[in-house]
Amino acid sequence: MNEVIQGLGSWSLQLDGCPRETLDALLYFGHVAIVPGRVAPAQYGDQLLTMARYVGVLTKRDDEEDRTAIAGQGMELWLGDGDDKGEIFESPLSINGQTFANSIRAILGSGTAVVEGTLHSVPGTYTGRHQWESRRKALAYVCSTFGAEYRVNGNGTLDAGTQAQLYAATPTCVIVRKGAEGRDLALTGLPGEMELSRDVEDFTTRVVLLAEGEGAATATGAANIASNPYLDLRGQPVKRTRLVSESGTVTGNAQARAQLQLNRFVGTRNALRLSTEDFEIRGSFRPGDMVYVYDPDAGLYDLDNEVTFRGQRINPIALRSVEASWPVVEGMTVAYRHQSGTWLDLTDYVRWETGSTAVGVGELGRSLTSTGFEPVGPRPIPDSTIPGAVPWVLPFQSAVYMDAEGNTRASMLLVWDLPLNADGSTILDGHHYEIAYGVSPATEWETAYAPWGELQAVIGDLSPGVVYDFRIRAVDTSANAGAWSVTESALAEADTIPPSTPAPPVVAASLIAIQITHTLGKVSGGTFNLELDLDHLEVHVGSSSGFAPDATTLRGKVAANAGMIQAEIAAVGTVPEPDTTLRHVKVIAVDRSGNRSPASNAASVTALLIDNAHISDLSVSKVTAGTVSSNWILGANIGTAASGQRVELNATGLHGYNAGGAELVTLSNTGTFTLRSAASGSRVQLDASGLRIFSGTTEVVSLLAGGSFALRSATSGTRVELDIANGLRIFSGSTQLVSLSPSGSFFLRSGVAPSARAEMDAAGIRMYSAGNAELVNISASGSFLLRSQTSGSRIEIDLNGIRGYNSGGSQTFSLSANSGDLDMVGRLTSTVNSSSKRLVINPTFGADPEIRLYENSFDYHYWTSYVASANTMQIGSAPGGANRKGALTMDGVQVALALGPAGSSNIDFGIKIVDAGWLDFFGKLGAPGSGGAFTRGSVQFPAGTTGSIGYGFTFTGGDAIVVATMFNVGGPHGVTLSGRGNGGFSFSTTEGVPGVTYEIQFFTWKQ
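It should be emphasised that the depicted structure is a prediction, and the values quoted were computed from it without experimental measurement.

Engineer: Got a minute to help me understand the overall build of the chain in this structure?
Structural biologist: Within the chain, the regular secondary structure consists of eight helices and 75 strands. Within the span of the chain, comprising 1007 residues, buried residues form 37% of the whole. Per element, the accessible surface of the chain, about 53800 Å² overall, is 53% carbon and sulfur.

Here is the structure:
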């Protein structure tokens, strides 16, 4: 298991003897959990995701004949993998001035495998734009901008915050050299072997960051080192400027990003790797926590930091643990979570690992780090170069080794030269080499990888003495893969490693042979621990304990192999040795390649048994023997007793009797036989006629040699019967519920009339209610009837269609199968949410048909025949919050387009067209404003006055024509227009000025 902070990590397991149904359930993208201690996965369920020391995603399976290997990566895979595959932001995600927590939430989004866990508060705000990148890459960018980190937990939640908020800032563990381990109240000492690596290869004094934009419009940010401790050849401060290209960084973040990048490279790179036998370090620390490291000889100390450990004062340096690699050992629980949420326990099938735990402290190893920088220059820069073919350096070198399982394996050292691009240019963007290999002639290939910069690789786990094919190609940082190299074949080194010296055998001898027993253990101790490539044991016999085995001492070979070692089956064999003197036996282990081990120590033996002898006459009073093979007894009767319960063997055969003397077993020399468990009553009886079983005196099972049979669970009442004549019958009491006849006829029923029941026979399927009413009838002829009940509120389906009825028995819904007509009484709505936009048909039950389009709870538009007048249709809009509605009303004699009071058929303003040819206007004719085409009005004047009338607006686009008349005067008066304009008119009266109040009415339209 490999854990890396803010990294994918990796894991792998070997399974042996796993049942096929379990292997078939191990689907890709399921989850494997490693839990300290032994627990029952089915009992704990998804609690294991938080209990586990490690949870990973299954992405790889290798199946071989005797084992299955599964592997994958950590939970961070759900955010994006090493190739940035995952949930990609194809549409831009813009974040403007958001807090750290809200920025992380925006990137996580919804509907993802990883959900929000604990998002801590980090000072500052973030503005940025993300597109064409995975959530993992976006999260890493935002967190680094804030100086924060994130962590994906085993249960798929994401925590984010500063290092101190996510991990232990105060060390509780001190890493020391072996011999100084231990524990006190405050600190745990973790012993091991240390490897310290320091360098300044990435040391930088200035960072210039190229942000968004191109050419002269590129935004930049810069940061300089505060204190430079290094000098060049001339005594001047060392100058190392790093150009960083981040085209996705907005202008406002350029300066801060430059400083963050500089902070990564201002000091030495300190990487410490610790190898420890302590497999379970989780109780001491986990990757991400701060730990103390103390090794004065390696310069790992800090005089400004003093702690007391086991009664001594030490000055350890505080470093951060960044990675850990540990084996899965016996005592742990390994469980698999299926996509359905069920858990499988794999613990019994895991091949437990050995070895030490490796801990990385300080900084990640170079193979685990990546700057993530873009190429510096105009952006984007499409990579059009393709790596050329990689040339091999021949011949390859091979060696053999013994793996942890005791199998002899071979390795191959492959060497190659640095390739060029296909166009002959130097490769500047190489990323790695891909090596494929397989048994020659290879049709199936396995793949290994080597980092760019390496020109050799060792391929292990090969079968000795087998020819393999190898090919290689180069891959650049843009994932452009070159052509495969020439395929080269090489013979893996043959097995030359002999087995370990075996332990001496356990021996026993007769006058003519020696029997050996060997538990397949090594001379150093233990049993069944010889190497698994063992093939057999050579057995050598000599006259002294110091004899040297050779071809003359070889007496035979005894089979011994991996299956016997794994199953812990001892090797047992007999070799001929016709000698009665003291003999000495040694064994030599031989593997499948013929390699012979040194001889074991000698085991001595003297003949004790007589295998065979020719005795002409023997008189004995008693013979005690394990096996008697002879014609000693002829025409005799052999019995275990003279009477009562006994077994007798005589000339007629074998006979067995019970305590009462009744013969229960007869095996006759004529071929007939009888076996019975009792002489009478309940019994099982087997004889030449067949098998019979009795319950009391009743025969319940009969399997006859002639082929007929009868089986029944009882003779009467509730029972099951199976026989050749009637088939299968099932009874409840005296009522037959099931009949499956050999003729093909059948019936099944759950009860009898008049109870609620289901029936099935050749005619079809029928279901009845408790009142014996038929509710379902599916006929074999194709007709059918389904109804929820026989009366009242119900649904019916048959060949005619679908019908619904209300509680009074009236039909409310009908869908005809013949015509396709749909008849409905009641309301049809597109949603049950009464406050959302929706379509409702027949909203008012029992009224005329109506269709409504709701905007919300109150406002709607409608089309209805539900109006005051019969044979009338209306289309309208009725806002619930307004006091008016607009409507178009039509019938056979008139059409009206009007605005009127809500809930009323009256017209306040509008137009009505009637069949007599009239056009009626309601309200003011025209509308205030320059857009009016006509207007009309009425103005009162006091007695003895004349004057002018204004429209309140001005006509445009033509001359206004006015018609005016006078009302409410005692005598005849006329009106003369004395002035006319587009904004109004003036007038005089032809009969003089009226002496009473009068009214001028006018109609004006635009010419």
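Engineer: Sorry if this is basic, but what is going on with the packing of aromatic side chains here?
Structural biologist: Aromatic ring pairs: the centre-centre distance and the angle between the two ring planes describe each pair. This structure, assessed with the given rule, holds 18 aromatic pairs. Ring geometry for Phe396 and Phe470: centres 5.7 Å apart, planes at 80 degrees, overall edge-to-face. Taken together, the positions of Phe396 in strand S25 (residues 392-402) and Phe470 in strand S30 (residues 467-476) put the pair 74 residues apart, joining distant regions of the chain. Each member of the pair, Phe396 as well as Phe470, carries the same accessibility label: buried. It is Arg53 that lies over the ring of Trp326; its NZ or CZ is 3.6 Å from the centre. Above the ring of Tyr167, the side-chain terminus of Arg151 is found at 5.2 Å from the ring centroid.

Engineer: It is not clear to me how the sheet that holds strand S14 (residues 206-210) should be interpreted in this structure. Could you clarify?
Structural biologist: Hydrogen bonds between backbone atoms are what pair the strands of a sheet, whose relative direction is either parallel or antiparallel. Overall, mixed pairing links the three strands, which are arranged S15-S14-S16 in an open sheet. Edge positions in the sheet fall to strand S15 (220-224) and strand S16 (241-245), since each of these pairs with one other strand and no more. Strand-to-strand twist of the sheet, defined as the mean angle between neighbouring strand axes without regard to direction, takes the value 15 degrees. Bridge count for S14 against S15 is five bridges, and the pairing is antiparallel.

Engineer: Any chance you could explain the packing of helix H4 (residues 100-108) against helix H5 (residues 135-146) here in plain terms?
Structural biologist: Contact geometry of H4 with H5 gives a least axis separation of 10 Å together with a crossing angle of 170 degrees. Considered as vectors, H4 and H5 are oriented roughly antiparallel to each other. Residues Phe100, Ser103, Ile104, Ile107 and Leu108 of H4 pack against Arg135, Ala138, Leu139, Val142, Cys143 and Phe146 of H5. Classifying every residue of the contact of H4 with H5 gives nine nonpolar, one polar and one charged.

Engineer: I would appreciate a short explanation of H5 in the present structure.
Structural biologist: In this model H5 runs 17 Å from its N-terminal to its C-terminal C-alpha over 12 residues, within 8% of the 16 Å that 1.5 Å per residue would give. Of all 12 residues in H5, nine are buried; the element is thus mostly enclosed. Buried residues belonging to H5 abut strand S6 (93-99), H4, strand S8 (125-130), strand S9 (149-152), strand S10 (157-161) and helix H7 (254-263). Positioned one or two residues after H5, Gly147 has a phi angle of 70 degrees, which is positive.

Engineer: Help me understand the pattern of salt bridges in this model?
Structural biologist: Once their charged atoms are close, side chains differing in charge can pair, the charge on each being opposite to the other. Throughout the structure, instances matching the rule amount to 38 salt bridges. Its salt-bridge partner being Arg337, residue Asp46 comes within 2.8 Å of it at the nearest N-O pair. Of the two residues, Asp46 sits in the loop between helix H2 (41-44) and helix H3 (48-51) while Arg337 sits in strand S22 (residues 333-337), which places them 291 residues apart along the sequence. Its salt-bridge partner being Arg766, residue Glu759 comes within 3.2 Å of it at the nearest N-O pair. Glu759 sits in the buried class, given a relative accessible area of 15%.

Engineer: How should I be thinking about the side chain of His536 in this particular structure?
Structural biologist: Turning to its location among the elements, His536 is positioned in strand S34 (residues 534-542). Only 2.8 Å separates the side chain of His536 from the side chain of Asp535, close enough to count as a polar contact. Not counting residues up to four positions away in its chain, the partners in contact with His536 are Lys557, Val558, Ala559, Ala560, Ile588, Ala589 and Val590.

Engineer: I keep staring at the sheet that holds strand S28 (residues 446-451) and nothing clicks. Help me out?
Structural biologist: Pairing is antiparallel in the open sheet, where four strands are placed in the order S28-S27-S30-S31. Pairing within the sheet leaves two strands with one partner each, and these edge strands are S28 and strand S31 (488-491). Across the sheet, the mean angle from the axis of one strand to that of its neighbour is 30 degrees, orientation sign disregarded. Strand direction decides the pairing type here: S30 and S31, joined by four bridges, are antiparallel. Along S31, the bridge assignment pairs Asp469 with Ser489.

Engineer: Is there a simple way to explain the pairing of strand S24 (residues 357-361) in this structure?
Structural biologist: The side chains of a regular strand alternate between the sheet's two faces. Among the five residues that make up S24, five are buried, leaving the element largely enclosed by the rest of the structure. Neither face of S24 is exposed, since Thr357, Val359 and Val361 on one face and Ala358 and Gly360 on the opposite face are all buried. As judged from the four bridges shared by strand S21 (residues 317-325) and S24, these two strands associate in the antiparallel manner. If you follow Ser321 over to S24, its bridge partner there is Val361.

Reading guide: rules and limits
Residues numbered from 1 in each chain as written. Predicted model: local features only at pLDDT ≥ 70, side-chain atom pairs only at ≥ 80, totals over all residues. Heavy atoms only, no water. Helix = DSSP H or I, 4+ residues; strand = E, 2+ residues; numbered from the N terminus. Buried < 20%, exposed > 50% of the residue type's maximum accessible area, 1.4 Å probe, protein only. Areas by Shrake-Rupley, 256 points an atom, 1.4 Å probe, with all protein chains shown as cover. Phe/Tyr/Trp six-rings, centres within 6.5 Å; stacked < 30°, edge-to-face > 60°. Lys NZ or Arg CZ within 6 Å of the ring centre and 35° of its normal. Pairing = 2+ DSSP bridges. Axes fitted to C-alpha atoms, helices over the stretch in contact; angles between N-to-C directions. Parallel < 35°, antiparallel > 145°, perpendicular 65-115°, else oblique. Contact = heavy atoms within 4.5 Å. Nonpolar A, V, L, I, M, F, W, Y, C, P; charged D, E, K, R; others polar. Expected span 1.5 Å × (residues − 1). Salt bridge = Lys/Arg side-chain N within 4 Å of Asp/Glu carboxyl O. Polar contact = N/O pair within 3.5 Å; in protein donor to acceptor, adjacent residues only side chain to side chain.

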